Amino acid sequence: MAQTLLHIENLSLAIGKADILSHVDMRIDRGEVLGLVGESGSGKSMTALAIMQLLPHAAHASGRILFDGADLLTRTEDQMCALRGDDIGMVFQEPMTALNPVKTIGEQVAEGIRWHTRCSRAEAEERTRAILDRVGLPQSRFPLSRFPHELSGGQRQRVVIAIACALKPRLLIADEPTTALDVVLQAQILDLLRDLVEENRMGLLLISHDLAVVADMADRLVVMRHGKVMEQGETASTLKRQEHPYTRQLAEASMHVPAARQAAPARPRTDDAGGNASPETPPLLAVDKVVRDYAGRRTSLFSRPAPFRAVDDVSFSMEPGHSVALVGRSGCGKSTLARMILALDQPTGGAIRLAGQDLSHLEGEALRPFRRRMQVVFQDPYGSFNPRHKVERLVAEPLHLLDSQPSRSERRERVAEALAEVHMPPDSMDRYPHEFSGGQRQRISIARAVITRPDLIVADEPVSALDVSIRAQILDLFAELNGKLRLAYLFITHDLTVARAITDEVMVMHEGRIVERGSTADVLSAPRHEATRALVDAAPDLERAIARRLSRA
Amino acid sequence: MTAYLLKRLAIGILTLLFASVVVFAVLEVVPGDPARLMLGMNATEDAVQALREQMGLNLPLVTRYVTWLAAFATGDFGRSLTYSVPVIDLVAERLVVSLPLALLALALSTVIAIPAGLFAAARRGRFADTATMGLAQVGVAIPNFWLALLLVYVFAVWLRLVPAGGFPGWGNGFWAGIKALLMPAVALALPQAAILARVTRSALIEVLGEDYIRTARAKGLPRRRVLWRHALRNALIPVLTIMGLQFAFLLAGTIIIENVFYLPGLGRLLFQAITQRDLIVVESVIMLLVAAVIVVNVLVDLSYAAVDPRLRTRR
């Protein structure tokens, strides 16, 4: 066992009276990648924070965390400070908030180097340049004087990785390092991590809820649930055999396709011009040559800024009951387009018609009858509810769009009906949103969306904040409601598995334009445009990952 | 950056203009004819009319406003009705007391509040935090004039360390002047410091929950260093905002405090001018105070940009 870098023995952790971890054992060898998988609340992040000894105040840990033979739990704070950032580096989930907004990236990378090595400012700067260059932020384009807000999410994550790897730690902990990034960036960041780990023979603890990501990266796998280790072993064989029922459940959920969809007949395709398929009955939604410009950044006080075109000449149409995915990388303009369809923003040019009526220049009261016909489901089931309102009020909110206001008892009845639609018990109505889990909250937000019996639901990344098994249930629900209420969906996502699971048609957006469209199966199996290919290639796929692992072995 | 600066400046000037309209209008509607006041109750109606003519009081409102504003902008504040000297001389003479007093109080409150906020935030939830914040709560509740009286009793009457009031003038040496201003400054600063300490603490606690604090800790920096190097600067924006707003209260506070300590400052001048209906002095002093508050708030806006680089690139 001379190779063992980190050995966690019988680690238990309690915060106040709540048990967070119980009897966790795991081991990482030098140069090894250990994948830690589990759903939210399974204790993955707490395990990482326990290794770093950055636990919340009230936390109490017992057991042993041996790093190079010495128990981290018995180290003093000063000793831990010497280890953190030098021997153990950590990369966090959310690159948008992981960097100090008021300090330059150079300062933030150099800070750790200077603190640990006590080297001169010039030397620290030299090393900072080298590591930033190594993580793909060359001096010529990303000088040290850049501030975090001048970088994109992927670039910021590279800075965080540079901070963590600057002193070539022996152990790198990456807690959901790519969850907040789109698939193409995810693939790039994972490649970078893999290379850094190989170059420096680091041990890597890769934490993810996504089995496919871990399967591709990790030599060995630990599956956690409710603070306990369910199963651990060599990645390929563990996933191939799927002996443990929970591992099997996770694997199945991550490849889930709703049953209702599989049997769905192929629907008629819409024509490419975005015009009406038949002149008599206009399509449910017609987007016609829509353009949206934003004012660009002013370069000097007197010159007019060049506008930035977020959406560029987009046309398509949707029929009732049709389910369409709008996929693309972050920043491609898909959310801007969705905002315009929902009449939350006005296009600079072109028209958006709902059942033949142009919405693009209506405002306020005139939009009411149309708002009732289209509703929205947002990504974050935590942020999209007013925490001080009860579910009844939250779900009933869109009812003000109706022409005649229902009485109190009618209102309760309609809310109960909508909740039943999403398989929530009627008594949830009298509770507050914080009493529900993420999946339940997303059901409630779907209930809110269907209460006015809309024809169209725009869903902006509706499952990307959810765990795989919850995600599978919510996808089932979407599929079921599609059949039952003849709802049309516009799914906005960067996740191709979601598109594959529940949509008939897919449109790929790239730099404001729709570059490819067609039936979901066709587009995803034989992508023609470069942007589509990049998305398809980068998408983590569990079966492919296992096959690759087995062939390597 | 230039655009941001110009915009802030323009907003400041507009606010000043608006304030001038209000000041002018309010003093227009308050009872009391300046001409009658100058000449006394026994003066004949003809004499009053003649003086009104001479002072331009019979001109239309707008004309008078414009003339007043133009004169004010060029530094001609008019002559005081009671002292019969140019207002500018009066103001200048008082400013050398009030300005050092305000700056001293501001400096004191900052020097007390920010370390106290840091101290409490670093020990959040522990006894030291509760004690510091309890003390701050008391500080918020104490009115500054009462604190002033208490200070006079303890330090001047009892310990005889400082004079109980009055101002020897800067001519008698720098330290004699500072010594006279010290107690009034403390009386002004403590209640302000109490509020500022609470704001600093809560801003820091919010910032300490941010992800980048965890990143900094993961680099191996000790808690103290993270607090000073990473948290403080991010917490500074709400602190600066409150400091800007407090400056106005500080000026209002000087009116009371200068009376308690018999300091010949602007606040006391204003108080006397109001009781004597010396409207020209009142107008000028109020406008000066308004201008000071606006200048301070423009400076606060500019300091935001110095603290937060994200504001520098925004239009």
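Residues numbered from 1 in each chain as written. Chains lettered and ligands numbered in written order. Predicted model: local features only at pLDDT ≥ 70, side-chain atom pairs only at ≥ 80, totals over all residues. Heavy atoms only, no water.

1. Some remarks on helix α5 (residues 153–165) of chain A
Stage number 1. When the terminal C-alpha atoms of α5(A) are compared, their 18 Å separation across 13 residues agrees well with the 18 Å that a helix rising 1.5 Å per residue should span.
Stage number 2. With respect to burial, α5(A) is a largely interior element, 12 of its 13 residues being buried.
Stage number 3. Regarding α5(A), the residues found buried are A:Gly153, A:Gly154, A:Arg156, A:Gln157, A:Arg158, A:Val159, A:Val160, A:Ile161, A:Ala162, A:Ile163, A:Ala164 and A:Cys165.
Stage number 4. Elements in contact with the buried residues of α5(A): β6 (88–91), α3 (105–117), α4 (121–134), β7 (171–175) and α6 (183–200) of chain A together with α9 (211–218) of chain B. (Helix = DSSP H or I, 4+ residues; strand = E, 2+ residues; numbered from the N terminus. Expected span 1.5 Å × (residues − 1). Buried < 20%, exposed > 50% of the residue type's maximum accessible area, 1.4 Å probe, protein only. Contact = heavy atoms within 4.5 Å.)

2. Looking at the UniProt feature "transmembrane region" (unreviewed entry) in chain B
Residue and element names in this part refer to chain B.
Stage number 1. Within the UniProt annotation, "transmembrane region" (unreviewed entry) is assigned to residues 101–122, 134–161, 173–196, 235–257 and 285–307.
Stage number 2. Helix makes up 100% of residues 101–122 and strand 0%, with an end-to-end C-alpha separation of 32 Å.
Stage number 3. Along residues 285–307 the backbone is 100% helical and 0% strand, and the end-to-end C-alpha distance reaches 33 Å. (UniProt positions renumbered as here; feature names shortened; annotations may be inferred.)

3. Focus: the domain arrangement of chain B
Residue and element names in this part refer to chain B.
Stage number 1. Each assigned domain of chain B is listed here: domain 1 (1–86) and domain 2 (88–312).
Stage number 2. One C-alpha centre belongs to domain 1, the other to domain 2; they are set 31 Å apart.
Stage number 3. The interface of domain 1 with domain 2 comprises 28 residues on the first partner and 28 residues on the second.
Stage number 4. Here domain 1 and domain 2 share an interface that buries about 2600 Å² over both sides, 73% of which is from carbon and sulfur atoms.
Stage number 5. Of all residues in domain 1, Tyr 4, Leu 27 and Phe 77 bury the most surface against domain 2, accounting for 22% of the area lost on that side. (Domains from an automatic or database assignment. Buried area = accessible area lost by both parts, 1.4 Å probe.)

4. Describing the UniProt feature "domain: ABC transmembrane type-1" (unreviewed entry) in chain B
Stage number 1. In the numbering used here, UniProt assigns the "domain: ABC transmembrane type-1" (unreviewed entry) feature to residues 95–300 of chain B.
Stage number 2. End-to-end, the C-alpha atoms of residues 95–300 of chain B are 22 Å apart, and along that stretch the chain is 83% helix and 0% strand.

5. With respect to the nonpolar core
Stage number 1. In this structure, A:Leu132, A:Val159 and A:Ile161 are the most contacted members of the largest nonpolar core, which totals 59 residues.
Stage number 2. Inspection of this core shows a minimum of three residues originating in each of domain 1 (1–87 + 171–182 + 206–255) and domain 2 (260–264 + 284–297 + 305–550) of chain A.
Stage number 3. B:Tyr4, B:Val162, B:Phe247 and B:Leu311 belong to the second largest nonpolar core, which has 52 residues in total. (Core = buried A, V, L, I, M, F, W, Y, C linked by side-chain atoms within 4.5 Å.)

6. Some words on the confidence of the model for chain B
Residue and element names in this part refer to chain B.
Stage number 1. Overall, the predicted model of chain B reaches an average pLDDT of 86, with 98% of residues at or above 70.
Stage number 2. Across chain B, the secondary-structure element scoring lowest on mean pLDDT is helix α2 (residues 34–39), at 72, and the one scoring highest is α9, at 93.
Stage number 3. Scored as a whole, the predicted complex attains pTM 0.82, and scored at its interfaces, ipTM 0.80. (pLDDT = per-residue confidence, 0-100.)

7. Examining the sheet that holds strand β11 (residues 285–294) of chain A
All names here are of chain A.
Stage number 1. Pairing in this open sheet of four strands is antiparallel, and the strands run β12-β11-β14-β15 from one edge to the other. The two strands at the open ends of the sheet, each matched to only one other strand, are β12 (308–318) and β15 (357–358).
Stage number 2. Two elements, β11 and β12, share seven bridges in a ladder whose sense is antiparallel. Each bridged residue has a counterpart across the sheet, and for Arg 292 the counterpart in β12 is Val 311. (Pairing = 2+ DSSP bridges.)

8. Quick look at the interface of chain B and chain A
Much of the literature gives interface size as the accessible area that the parts lose upon coming together.
Stage number 1. On the side of chain A, 32 residues touch chain B, which itself brings 25 residues to the contact.
Stage number 2. Carbon and sulfur atoms supply 62% of the area buried between chain B and chain A, which totals about 2700 Å² over both sides.
Stage number 3. B:Arg217 serves as the salt-bridge partner of A:Glu77, at 3.1 Å between the closest nitrogen and oxygen.
Stage number 4. One can count 12 residue pairs in polar contact (both at pLDDT 80 or more) joining chain B with chain A. (Salt bridge = Lys/Arg side-chain N within 4 Å of Asp/Glu carboxyl O. Polar contact = N/O pair within 3.5 Å; in protein donor to acceptor, adjacent residues only side chain to side chain.)

9. Some thoughts on the environment of B:Ala291
Stage number 1. The residue B:Ala291 is located in helix α12 (residues 279–307) in this model.
Stage number 2. Once the C-alpha coordinates of B:Ala291 and B:Thr15 are considered, the two residues, 276 residues apart in sequence, prove to be 9.1 Å apart.

10. Details of the sheet that holds strand β17 (residues 456–460) of chain A
All names here are of chain A.
Stage number 1. Here six strands make up an open sheet; going across it, the order is β16-β17-β18-β13-β19-β20 and the pairing mixed. The outermost strands of the open sheet, each flanked by one partner alone, are β16 (374–377) and β20 (513–519). If you compare each strand with its neighbour and ignore which way they point, the axes differ by 20° on average.
Stage number 2. In terms of strand pairing, β17 meets strand β18 (residues 488–493) through five bridges, oriented parallel. By the bridge assignment, Ile 457 is partnered in β18 with Tyr 489.
Stage number 3. Sheet strands touched by helix α15 (residues 438–450): β16 and β17. Its angle to β16, the strand with the most contacts, is close to 170°. (Axes fitted to C-alpha atoms, helices over the stretch in contact; angles between N-to-C directions.)

11. Regarding the pattern of salt bridges
When the charged atoms of two side chains with opposite charge come close together, those side chains can pair.
Residue and element names in this part refer to chain A.
Stage number 1. According to the stated counting rule, one finds 43 salt bridges over all chains in the structure shown.
Stage number 2. Here Arg 368 makes a salt bridge to Asp 403, at a shortest N to O gap of 3.6 Å. Placement of Arg 368 in helix α12 (residues 368–371) and of Asp 403 in the loop between α13 (391–396) and α14 (408–421) is noted, with a sequence separation of 35 residues between them.
Stage number 3. A residue is classified by how much of its surface remains accessible, and Arg 368, at 22% relative accessible area, is partly exposed.
Stage number 4. Counted as one network, the salt bridges with shared partners bring together Glu 392, Arg 408, Arg 411, Arg 412 and Asp 430.

12. Here's the deal with the packing of aromatic side chains
Stage number 1. Scanning the model with the defined rule gives 11 aromatic pairs over all chains in all.
Stage number 2. Each ring, one from B:Phe72 and one from B:Phe77, has its centre 4.6 Å from the other, and the planes form 5°; the classification is stacked.
Stage number 3. When its relative accessible area of 15% is taken as the criterion, B:Phe72 is described as buried.
Stage number 4. The class for B:Phe77 is buried, based on a relative accessible area of 15%.
Stage number 5. Both rings, one in B:Phe167 and one in B:Trp170, keep their centres 5.4 Å apart while their planes meet at 75°; by these two values the pair is edge-to-face.
Stage number 6. Under the relative-accessibility criterion, B:Trp170 is labelled partly exposed at 29%.
Stage number 7. Cluster of aromatic residues (ring-pair linked, three or more members): B:Phe24, B:Tyr65, B:Trp68, B:Phe72 and B:Phe77.
Stage number 8. Lying over the aromatic face of A:Trp115, A:Arg118 brings its terminal NZ or CZ to 4.7 Å of the ring centre. (Phe/Tyr/Trp six-rings, centres within 6.5 Å; stacked < 30°, edge-to-face > 60°. Lys NZ or Arg CZ within 6 Å of the ring centre and 35° of its normal.)

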